[in-house]
Structure formats: structure tokens, C-alpha cells
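Tertiary structure, described
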Amino acid sequence: GAGVSQSPRYKVAKRGQDVALRCDPISGHVSLFWYQQALGQGPEFLTYFQNEAQLDKSGLPSDRFFAERPEGSVSTLKIQRTQQEDSAVYLCASRYRGALINEQFFGPGTRLTVL
Amino acid sequence: EDKVVQSPLSLVVHEGDTVTLNCSYEVTNFRSLLWYKQEKKAPTFLFMLTSSGIEKKSGRLSSILDKKELFSILNITATQTGDSAVYLCAVEAGTSYDKVIFGPGTSLSVIP
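Below, the structure is looked at part by part. (Residues numbered from 1 in each chain as written. Chains lettered and ligands numbered in written order. Predicted model: local features only at pLDDT ≥ 70, side-chain atom pairs only at ≥ 80, totals over all residues. Heavy atoms only, no water.)

1. Remarks on the overall build of chain A
Secondary structure assignment for chain A yields zero helices and 11 strands. Helices and strands appear in chain A in the N-to-C order β-β-β-β-β-β-β-β-β-β-β. Here the C-alpha radius of gyration of chain A, 13 Å, is about what a compact globule of 115 residues would show, namely 13 Å. Each principal axis of the C-alpha atoms in chain A carries an extent, and together these give about 40 × 25 × 25 Å. Counting only contacts in chain A whose residues sit at least 6 apart along the sequence, the fraction spanning at least 24 positions is 53%. When the accessible surface of chain A is totalled, it reaches about 5,800 Å², and 48% of it is carbon and sulfur. (Helix = DSSP H or I, 4+ residues; strand = E, 2+ residues; numbered from the N terminus. Rg over C-alpha atoms; globule rule 2.2 N^0.38 Å. Contact = heavy atoms within 4.5 Å. Areas by Shrake-Rupley, 256 points an atom, 1.4 Å probe, with all protein chains shown as cover.)

What follows is the structure, encoded as C-alpha cells:
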């Protein structure tokens, strides 16, 4: 595709439900990042993949958060037993590693609302 | 702990005004500083700065980095209502890969 896509764009979950958020990066982009953006805040780093390897998951707020990228392209962020504080926009970004300009291309985000 | 601070957090100006947005940072293994514009959707890239004292310009927007004092400014001249957005400052840092740390953003509202 032309850009990074994410699905679903909006998700409403009841507290305690599990959710799965999908990210399709730009084809050929080695690096993939997940961010959590609360209302009125800047994006907070969650995790980073280089191809299929998860090199940094230090930003995941709890063990209820899990991310994978098994074939080095599509990535899924899973949140188990959702809580109200998980409500945020989840942004995915990809980057072609080695580019002169290290621009991250962001997807439109998934807005998660936990009731 | 790596951190990026922006000021002001919000700003309201009239069309035609000039604004200066501030970003300061404390990170280990600094590599570059980035500015993004976010309008109710994903952030879009504006500038990347790696060297002190070299101004980057794009139309009415310009930015400069001071690596000694650890800050950057983003200037917008002759503001227009279309400039209303959140402006995010981010810093790339790290050794094994370029981790990006974002500031909280400055919310700019330009009123006619």
C-alpha cells in the first residue's frame, strides 16, 4: 500500500475484554514502532521491531500488553483484560532503516475506548 | 531517564502573528531532533535537525537546534488558521537503534 494502515480505526471494548490491534507497515520497511497517545499528550513509546525481532519492549505498561510481528511485516498489538486507563490512540509507525532522513511514517491510529 | 519537554503547552494567536515553540531535551546518545505536526490524526514530519546552528526552512516554518544548550525552536511566521495543530518535538537517541522520544506537544490555535 501507499502508507501505513491500521485496523480497526475505532474500537470500543468493555473492561476486561481482550483486544487486538493490527498494523500494516509500508512494504520493505524494516523498523516498526508502536506508540500509545493519551488525550492531550505526545505519543509514548511502547515497543520496537526490527524485522520480526522485538528489540525493545521497555515501554509496554504491563504484562497485559503483548506485541508480535511474526513474519517481519504485519504487526499485532494485543491488550488482555483491558482497563479504562488503556483508553488511548495507538499509533504504529514504520521506517526504512538506513534512510538518509530517518522519518517515521505513521498510520492513522486506532482509537481504543474501554468502558 | 530520557525526556523531552515542550513549552508552551498551548498557545492562541491571531492570524498573521509570529510564534516560537520551544523544545528542550535530556537524552543519552542523542542522534537527531524531529518536529512533527499533528492535526487530529497521525503526526506528519516537518524537520529533522542533527547539527547545531543550521536553520532548516520550509515556507513559513523554520527550526534551529542548539546541541550545547540542548534545545530547539520552531518558528512560524505570518500564521494562518491552517497552522492550528499540535506540534510535537521528538528526539532520536540510542546506540543499537534510533529510539524516538516524544514531548507532550504544543497545541497551537490560530484565530482569524
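Now that the structure is up, let's keep going.
2. Quick word on the side chain of Ser94 of chain A
Residue and element names in this part refer to chain A. Its place among the elements puts Ser94 in strand 9 (residues 88-95). Here His29 takes part through its side chain, which lies 2.7 Å from a polar atom of the side chain of Ser94. Leave out the neighbours within four places in its chain, and Ser94 touches Val4, Pro25, Ile26, His29, Ser31, Leu32, Glu103, Gln104 and Phe105. (Polar contact = N/O pair within 3.5 Å; in protein donor to acceptor, adjacent residues only side chain to side chain.)

3. A few points about the interface of chain A and chain B
Contacts between the two partners involve 22 residues from chain A and, on the opposite side, 16 residues from chain B. Summing both partners gives a buried area of about 1,500 Å² for chain A against chain B, and 56% of it is carried by carbon and sulfur. Linking chain A to chain B there are two salt bridges. In this structure, Glu92 of chain B engages Arg95 of chain A in a salt bridge whose closest nitrogen and oxygen atoms are separated by 2.6 Å. At the level of elements, strand 4 (31-37), strand 5 (44-50) and strand 9 of chain A are the ones that each hand at least two residues to the side of chain A that touches chain B. With three residues, strand 4 of chain A is the single largest residue contributor to the side of chain A that touches chain B. Classifying every residue of the side of chain A that touches chain B by side-chain character gives 10 nonpolar, eight polar and four charged. (Buried area = accessible area lost by both parts, 1.4 Å probe. Salt bridge = Lys/Arg side-chain N within 4 Å of Asp/Glu carboxyl O. Nonpolar A, V, L, I, M, F, W, Y, C, P; charged D, E, K, R; others polar.)

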